[in-house]
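Overview (structure and organization)
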Amino acid sequence: MSHLEKLEGLAPFLAREPALYIDMLEGLRRRTAVSLRADAQGALVYNAQADVHMLCSESLEAAERLLEGMAIRNLVVHEMHALGAAHRRGLQGTLRYHHAAYLQANFPPAEGGAAQCRLQALDARHAAFVASHYHSLDGTEYVYGRIRAGMMTGAFWYDQLAGFIGEHDEGAIGMLEVLPAYRRGGVAYALERDAICQALNAGKWPYCQVVEGNEASLRLQGKLGLTISAPVVTWMVKEREH
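As the structure is a computational prediction, the values presented were derived from the model and not from experiment. (Residues numbered from 1 in each chain as written. Predicted model: local features only at pLDDT ≥ 70, side-chain atom pairs only at ≥ 80, totals over all residues. Heavy atoms only, no water.)

Focus on the packing of aromatic side chains
- This structure, assessed with the given rule, holds one aromatic pair.
- The interplanar angle of 40 degrees and the centroid separation of 6.1 Å between the aromatic rings of Trp-157 and Tyr-182 together place this pair among those described as tilted. With Trp-157 in strand 7 (residues 152-157) and Tyr-182 in the loop between strand 9 (173-178) and helix 7 (187-201), this residue pair connects regions lying 25 residues apart in the sequence.
- Across from the ring centre of Trp-205, 4.0 Å away, lies the NZ or CZ of Arg-29, which sits over that ring. (Phe/Tyr/Trp six-rings, centres within 6.5 Å; stacked < 30°, edge-to-face > 60°. Helix = DSSP H or I, 4+ residues; strand = E, 2+ residues; numbered from the N terminus. Lys NZ or Arg CZ within 6 Å of the ring centre and 35° of its normal.)

Description of the packing of helix 7 against helix 8 (residues 215-224)
- Across the interface, helix 7 lies against helix 8 with an axial gap of 11 Å and an inter-helix angle of 55 degrees. The angle between helix 7 and helix 8 falls in the class oblique. The chirality of how helix 7 crosses helix 8 is right-handed. Two secondary-structure elements touch here, helix 7 through Ala-188, Tyr-189, Glu-192, Arg-193 and Ile-196 and helix 8 through Leu-220, Gln-221, Lys-223 and Leu-224.
- Partitioned by chemical class, the residues of the contact of helix 7 with helix 8 number five nonpolar, one polar and three charged. (Axes fitted to C-alpha atoms, helices over the stretch in contact; angles between N-to-C directions. Parallel < 35°, antiparallel > 145°, perpendicular 65-115°, else oblique. Left-handed = near helix turned anticlockwise from the far one by under 90°. Contact = heavy atoms within 4.5 Å. Nonpolar A, V, L, I, M, F, W, Y, C, P; charged D, E, K, R; others polar.)

This is the structure we're talking about:
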């Protein structure tokens, strides 16, 4: 079966909730992911660039069938009922988040609050600064890699780096950080709007991940016009064997 045939077969299932399944849809559209297994009750997709499998399923039984015999180190689970199937394969949840997808054709409106901001691509000169201010599970080397890949943008308030944003290796917009002195001035909006515009210009459907409980980020996504998935998604990793 060709890649396009698999995509056509997946689309009816995934199109039911495009915001929830945006990571799978976009991986297939951008050809950074491939469908490993798919039927009327779910699908298992693999993104080699990020070394992550993505699972959607209608039931626990469907999840068990799709995961059967697969060697998986990182797994994104889109339904709560599938967590048990993942746990039985030695995977543990590390992060719960909502997907937020920009499903409109037009750019988000510009705001004047951060008019003094100059947006530009970051390079190796900024890597240490970004790594010192971006705190997550990804680690410093991951930050350096995203900058080397040309996937990070900075907001400069006059000559000072006030914040930054990037694109994760699986395709989601993220790594958004605004330094405390520049918050509440429209910098976050300007950065994410620019990332959305860049993605649209490249023919992508922009999306991001919002950690469960991050109300400030949820408000930002709503202001920008993103559709937020009501269910949460769980990122799971293989337990280390002792």
